[in-house]
Every structure is written in C-alpha cells, then in structure tokens.
Amino acid sequence: MELTEQFEWQGRTIACGRAGTGPDVVFCHGTPFSSAVWTRYADALSDDFTVHLWDMPGYGQSSKDRDQAVDFDVHAKVFKALLDHWQLERPHVVAHDFGGAVSLRATLVEEATYASLMLVDVVAIPPSGSPFFRFVQDHPTTLDALPFYIHEAILRAYVQGASHSRRLADLIPGATFTEVPDAGHLMQYDAPVALGNLIRGWLTSSAT
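Residues numbered from 1 in each chain as written. Predicted model: local features only at pLDDT ≥ 70, side-chain atom pairs only at ≥ 80, totals over all residues. Heavy atoms only, no water.

(A) Here's a closer look at the packing of helix α2 (residues 72-85) against helix α3 (residues 99-108). Contact geometry for α2 and α3: axes closest at 8 Å, N-to-C directions at 65°. The two elements α2 and α3 meet at a crossing, and its hand is right-handed. Residues Phe72, Asp73, His75, Ala76 and Phe79 of α2 lie in contact with α3, whose contacting residues are Ala101, Val102, Ser103, Arg105 and Ala106. The residue inventory of the contact of α2 with α3, partitioned by class, reads six nonpolar, two polar and two charged. (Axes fitted to C-alpha atoms, helices over the stretch in contact; angles between N-to-C directions. Helix = DSSP H or I, 4+ residues; strand = E, 2+ residues; numbered from the N terminus. Left-handed = near helix turned anticlockwise from the far one by under 90°. Contact = heavy atoms within 4.5 Å. Nonpolar A, V, L, I, M, F, W, Y, C, P; charged D, E, K, R; others polar.)

(B) Inspection of the sheet that holds strand β4 (residues 50-54) at higher detail. Strand order in the open sheet made by the six strands is β1-β2-β4-β3-β5-β6, with mixed pairing throughout. Each edge of the open sheet is held by one strand with a lone partner, namely β1 (5-9) and β6 (116-122). Taken pair by pair, the neighbouring strands of this sheet meet at an average axis angle of 20°, ignoring direction. Set on the sheet, α2 makes contact with β1, β2 (12-19), β3 (24-28), β4 and β5 (92-97); between it and β1 the angle comes to about 120°. Against the sheet, α3 makes contact with β3, β5 and β6, and its axis sits at roughly 140° relative to β5, the strand it touches most. (Pairing = 2+ DSSP bridges.)

(C) Up close: the state of the cysteines. All told, the structure shown has zero disulfides when counted by the stated rule. No disulfide involves cysteine 28; its sulfur sits 12 Å from the nearest other cysteine sulfur, which is in cysteine 16. (Disulfide = S-S within 2.5 Å.)

(D) Structural view of the nonpolar core. Counting residues in each nonpolar core, the largest one holds 25 residues, and the members touching the most others are Trp54 and Phe79. Taken together, the elements giving at least two residues each to this core come down to β1, β2, β3, α2, β5 and α3. The element that contributes the greatest number of residues to this core is α2, accounting for seven residues. The residues touching phenylalanine 79, leaving out its near neighbours within four places in the chain, are Val26, Cys28, Trp54, Val93, Val102, Ser103, Ala106 and Tyr114. Counting 24 residues, the second-largest nonpolar core is a separate cluster that includes Phe33, Phe49, Val180 and Leu186. (Core = buried A, V, L, I, M, F, W, Y, C linked by side-chain atoms within 4.5 Å. Buried < 20%, exposed > 50% of the residue type's maximum accessible area, 1.4 Å probe, protein only.)

(E) Focus on the pairing of β5. The buried fraction of β5 is high, at six of six residues. Two strands pair when backbone bridges link them, and β3 and β5 are joined in this way by four bridges, in the parallel orientation. Bridging across to β5, valine 26 finds its partner in valine 93. Both β5 and β6 contribute to a ladder of six bridges, which runs parallel. Residue aspartate 97 lies in a different strand from β6, and its bridge partner there is valine 122. This β-α-β element, β5 to α3 to β6, shows right-handed connectivity. (Right-handed = clockwise from strand over helix to strand, strands pointing away.)

None of the figures reported here should be taken as evidence of function without further support.
Below, the structure written as structure tokens:
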C-alpha cells in the first residue's frame, strides 16, 4: 500500500492513502517513524477492511517545515480534519507510540468518534519525553559530532528501554490490557505475526 493522496491543512501537506473494502481502519504512527511501520498490516487487512494510512506533519512523506508546530495538539487537529476529509464517522483506530496521544486527544478534545481504539505501546501519560530527549533539546549540536555507530547504539538503547504499562488501561473504562510476548517498543518488527493476529482478532470482534 502506498500513500497516493495529499490532504492540505493550514499550510501543511499530509501524505495519505487508503485501500481495500469493508469496515474502516485507520493507523497512526509515532515518532520518529512514519506510516511505513504499518504498511504490511494494511496490506494484510485490505481484503476485509478499508485501511487508511497517513504521515503526520513533519514525518514520512508529509511536509516538513521547521517553523510549523508538530505537537500533540496540532496532530490531533490534523487527524480530526483528515477523518472529516475521508468522511469517516466511526472508524477503528490503531495507534502506536505518540500516535496514542494524538488519537486520544483527537477524540477527547477534537470530538472525533471511533468504533474502537487499539493503543500499541503508546506514549499517552504525562510527563512525555525522557532524559535523553531533554539532553538533545539542551545540546542540539552535540549529536552532530558523534559517529554513526554511536548514533545507532544510542537509538537501540533508547528503544529497548521502552516498557509496557497497565496504568493506561486502568484509566480507560472498559479497556483491556494484552501483553505481546517477546515484543519491544517496535513490536511491528519484533513480533509481526503475534501483533498481526492480535489486530485482526480485535478488529473482527469489534466489527461484529
């Protein structure tokens, strides 16, 4: 599945795409990723569902302007506008990483409505960020001087340090918590079969 559409919103160009037939499913990526993390899942589901992918402003194929804000508030507004553009009233939504905060804010603040919402190891409970993020903000040029293998080691250490939490499920009435064995933060690649089966089972039960 490719992003063959463009949606214009307040000076931003949002790359997006949709394929398949059946109940609507929208995937939200996180940072520093793009909709590419969900492509294989969109392909696998397109026989039974209408799947929708999009790159948030500042990511993937969407516009990147350093003068434009790319915080949760902006992304939530973009997401609600995109759902309206697609004329989706109650889609199923699958969100990863900070896509969780975006999708939650879109429904709680922007009044987007979903048939169901799956949160995949999301960033949604404040405070967001980490000591590493704060270090990068305070020393924006330091990483430029480091060799590639150090960048790679830092990224691996940061991603592997992510962990699941039951706290969010406890805060959402009616929510259930499911642990995917042997999966890290990027479980789309760590445990693709297990996550794929989980998503399909959830969508099938939610759509009936």
